[in-house]
Protein chains: 2
Amino acid sequence: MAIVVNLDDQRGGGPEPSLEPLQDLVADDLALVNKLILRQMDSPVALIPQLAGHIIAAGGKRLRPTLLLGAAKLCGYGGERHLGLAAAVEFIHTATLLHDDVVDDSDRRRGLSTANTLWGNKPSVLVGDFLFSRSFQLMVSDGSLEVLAILSDTSAVIAEGEVMQLVTANDTSTSEAAYLEVIIAKTARLFAAATRLGAVVADRPKVEEEALEAFGLNLGIAFQLTDDVLDYAADSTTMGKDAGDDFREGKVTLPVVLAFRRGDAGEQAFWRRTVEDLDQRDGDLARAAALMEGHGALSDTLARARHYTQLARDSLDIFAAGKTKDALLEVVAFCAARTH
Amino acid sequence: MAIVVNLDDQRGGGPEPSLEPLQDLVADDLALVNKLILRQMDSPVALIPQLAGHIIAAGGKRLRPTLLLGAAKLCGYGGERHLGLAAAVEFIHTATLLHDDVVDDSDRRRGLSTANTLWGNKPSVLVGDFLFSRSFQLMVSDGSLEVLAILSDTSAVIAEGEVMQLVTANDTSTSEAAYLEVIIAKTARLFAAATRLGAVVADRPKVEEEALEAFGLNLGIAFQLTDDVLDYAADSTTMGKDAGDDFREGKVTLPVVLAFRRGDAGEQAFWRRTVEDLDQRDGDLARAAALMEGHGALSDTLARARHYTQLARDSLDIFAAGKTKDALLEVVAFCAARTH
């Protein structure tokens, strides 16, 4: 299936923004983090590194650790605490992904079969628990109660957001505010914790800690909103995620919220049948994308994303100009304009 | 179904040992812990307290918090840190139960329908994650890195043990040593952490901390071995757990390990069919219990349990005689002789 929504209309000209400048700046640290991740996911119980290795080594962008390392660099940090914390943040993220894929019955992620498809739901649940515990061990060995408070609070909020999403799943009456609350809890708060920790390890003043937290939070919201749009616009070769997954699972993302509220009675009946009752037929996904187009639901979701990218950019104003700041700003542009 | 194995043959005379003396001694603290548990499992996401309340309020013996409070009392502790840590330990336990029931497809626990039966697997996974995060928040607010290290290490070992059990599930060739490793990781280590923390909060010398850790560890092993026997001996009115659950799920507990290794080729074929292939017919459970009886597998499992209860008892030798010590020793007797 090919649903083509021209995302280029939403962008200015110039070269595609990329994660690469930031990845290059923190490349040495990131290599150490990757080593640490491999060492920490090891266990005499062979299934643990096998399954964890599948989802961790399979790649992903290492976006959260990269942001943490970048924030620490922006703060002029010269120690080593950021390495363990970057691994801890990636473990929290990975544990969440494993449990998410079980809860969503997903069979593809990043272009590969999910762990629950390859090994079943049971090991995915338990290895997720293991990685979550490992992340706490990494934080404990860092030895800062302030860091532990930030990350344990974040974990609780993520879990709360996951349950909230489950409760509102397949509910077309979800409001934009309720949806925003879910993605802040599920996605943006871990981004915020990652960037905030860059300032915390560097022992920077509260104002910088708060600025970096705001940077991560708004970046995370923009990242998720763009993700929601891509699900109706991308194909599996560009995203590594099958386009239409959200629709097939009946996820009520912002494009659905907007299209539903702007639709007439007949359209609302269509959304209830397909997204609430999951009674989907050939052509429904194409019709969903067409309805979204008709109501500007995708372009308006991208406009919302741009609002948050602007907040993210502005939050870095207090930091001096330089390569690291430029690279972080390019991550913002990437998150809002990405096609993968 | 009624499988009657006369456990009384394994016991001395006298009144049935009970948890009550210890529960009475720490009754005020336990009431505070229960309040704290209710407050900490609350969330604006209503499904969280509903589901958590079902499994937590449904009772259970509060054995781990009671042991932590009892150990703190034995150490003469006069502060309040034990309350939050007792709640944290119960949350870790509850999170594990929720995920266990999903992994085991269990439909009954403590005489009630399991959360996964009532609400489905998805909320059980996610609310388990929430309770796990909450337990870390409770530990962080305690503020001791020593405590955090003990409990985060324990959590990782529990998760490792769960995966180990999954890997060896339905495997009749499991050795007694491998089985012991699983129950130490899954069950006994949390008992050990709970009792050890009693000495840690009271800031007692290392020797007392180690003694209480050994007490909990050996008690936990005895508790689990007795549980394994009860599954072939109890009926659902006495255990609140349906007798034969382990058999129906193909769990290779110590009675199965012993009966399999002592059986002839025909018996081993029986165990492979029922426990490995889960091809079970009418009368198979009764035959399993009869084979265990014939080989002394249940009475020998109880003999193993008595070995560990003896180690648990001896580990308390260094503590002065008194009501709290007597009550802890009665918990040992209870765990080895319980019918519920």
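**Focus on the overall build of chain A**
Each helix and strand in chain A was counted, giving 17 helices and two strands. In terms of overall dimensions, chain A is globule-like: its C-alpha atoms have a radius of gyration of 20 Å, near the 20 Å expected for 340 residues. Principal-axis analysis of the C-alpha atoms gives chain A an extent of 60 × 50 × 30 Å.

**Examining unusual backbone geometry**
Although it is not a glycine, A:Arg62 adopts a positive phi angle of roughly 50°. Its location among the elements puts A:Arg62 in the loop between helix H3 (47-57) and helix H4 (63-74). Residues other than glycine seldom take positive phi values, yet B:Asp203 does so here, at roughly 55°. Along the chain, the position of B:Asp203 falls in the loop between helix H9 (176-201) and helix H10 (206-230).

**Notes on the interface of chain B and chain A**
Listed by partner, the interface residues are 35 residues for chain B and 35 residues for chain A. If you list the elements that add at least two residues to the side of chain B that touches chain A, you get helix H3 (47-57), helix H5 (81-103), helix H7 (121-142) and helix H8 (145-168) of chain B. Here the element with the most residues in the side of chain B that touches chain A is H8(B); it accounts for 14 residues. Along the lines of polarity and charge, the residues of the side of chain B that touches chain A split into 22 nonpolar, seven polar and six charged.

**Re the relation of the copies chain B and chain A**
For the pair chain B and chain A, the best superposition has an RMSD of 0.0 Å and corresponds to a rotation of 180° with a translation of 0.0 Å parallel to the axis. Taken together, the turn and the small shift mark the pair as related by a two-fold rotation axis. Same-surface contact between copies: 100% of interface residues of chain B are shared with the interface of chain A.

**Notes on H3(B)**
Within H3(B), burial applies to B:Ile48, B:Leu51, B:Ala52, B:Ile55 and B:Ile56. One face of H3(B) carries all of its buried residues, which in axial projection span an arc of 125°. Looking at the buried side of H3(B), the elements it contacts are helix H8 (145-168) of chain A together with helix H2 (27-40), H5, helix H6 (115-119) and H7 of chain B.

**Here's the deal with the nonpolar core**
Counting residues in hydrophobic clusters, the biggest one holds 228 residues, and the most contacted among them are A:Leu68, A:Ala222, B:Leu68 and B:Ala222. When residues no more than four places from it in sequence are discounted, the contact partners of B:Ala222 are B:Ala305, B:Tyr308, B:Thr309, B:Ala312, B:Cys335 and B:Ala336.

**Some points on the packing of H8(A) against helix H9 (residues 176-201) of chain A**
All names here are of chain A. Running from amino to carboxyl end, H8 crosses H9 at an angle of 165°, the nearest separation of the two axes being 8 Å. The angle between H8 and H9 places the two elements in the roughly antiparallel class. Seen from above, H8 lies across H9 with left-handed handedness. Split into classes, the residues belonging to the contact of H8 with H9 amount to 13 nonpolar, four polar and seven charged.

**Thoughts on the environment of A:Thr301**
Looking at where A:Thr301 falls in the secondary structure, it is placed in helix H16 (residues 297-315). On the basis of neighbour counts, which here come to 24 C-beta atoms within 10 Å, the residue A:Thr301 falls in the buried class.

**What to know about the confidence of the model for chain A**
Residues and elements named next belong to chain A. Per-residue confidence for chain A averages 90 on the pLDDT scale, and 92% of its residues sit at or above 70. The weakest mean pLDDT in chain A belongs to helix H11 (residues 236-239) at 44; the strongest belongs to H4 at 98. Across residues 1-11, confidence stays below pLDDT 50; counting only partners more than four residues off in sequence or on other chains, it has 19 contacts. ipTM for the predicted complex: 0.89, alongside a pTM of 0.91.

**What about H16(A)?**
Three or four residues apart is the spacing at which side chains of an α-helix point the same way, because the helix has 3.6 residues per turn. Residues and elements named next belong to chain A. With 19 residues, H16 should cover 27 Å at 1.5 Å per step; its first-to-last C-alpha distance of 27 Å lies within 8% of that length. Listed in full, the buried residues belonging to H16 are Ala297, Leu298, Thr301, Leu302, Ala305, Tyr308, Thr309, Ala312 and Ser315. Take H16 and look down its axis: the buried residues cluster within an arc of 130°, on one side only. Of the surrounding secondary structure, the elements contacted by the buried residues of H16 are helix H10 (206-230), helix H13 (254-262), helix H15 (284-294) and helix H17 (323-337).

**Quick look at the environment of A:Lys61**
Residues and elements named next belong to chain A. One can find Lys61 in the loop between H3 and H4. The exposure class of Lys61 is partly exposed, given the 13 C-beta atoms found within 10 Å. For the pair Lys61 and Ser141, spaced 80 residues apart in the sequence, the C-alpha separation amounts to 25 Å.

**What about the environment of A:Leu230?**
Looking at where A:Leu230 falls in the secondary structure, it is placed in helix H10. Measuring from C-alpha to C-alpha, the distance between A:Leu230 and A:Thr168 comes to 21 Å, with 62 residues separating the pair along the chain.

Definitions and cut-offs
Residues numbered from 1 in each chain as written. Chains lettered and ligands numbered in written order. Predicted model: local features only at pLDDT ≥ 70, side-chain atom pairs only at ≥ 80, totals over all residues. Helix = DSSP H or I, 4+ residues; strand = E, 2+ residues; numbered from the N terminus. Rg over C-alpha atoms; globule rule 2.2 N^0.38 Å. Contact = placed C-beta atoms within 7 Å. Nonpolar A, V, L, I, M, F, W, Y, C, P; charged D, E, K, R; others polar. Least-squares fit on C-alpha atoms with pLDDT ≥ 70 in both. Buried ≥ 20, exposed ≤ 12 C-beta atoms within 10 Å, placed from the backbone. Arc of directions from axis to C-beta. Core = buried A, V, L, I, M, F, W, Y, C linked by C-beta atoms within 7 Å. Axes fitted to C-alpha atoms, helices over the stretch in contact; angles between N-to-C directions. Parallel < 35°, antiparallel > 145°, perpendicular 65-115°, else oblique. Left-handed = near helix turned anticlockwise from the far one by under 90°. pLDDT = per-residue confidence, 0-100. Expected span 1.5 Å × (residues − 1).

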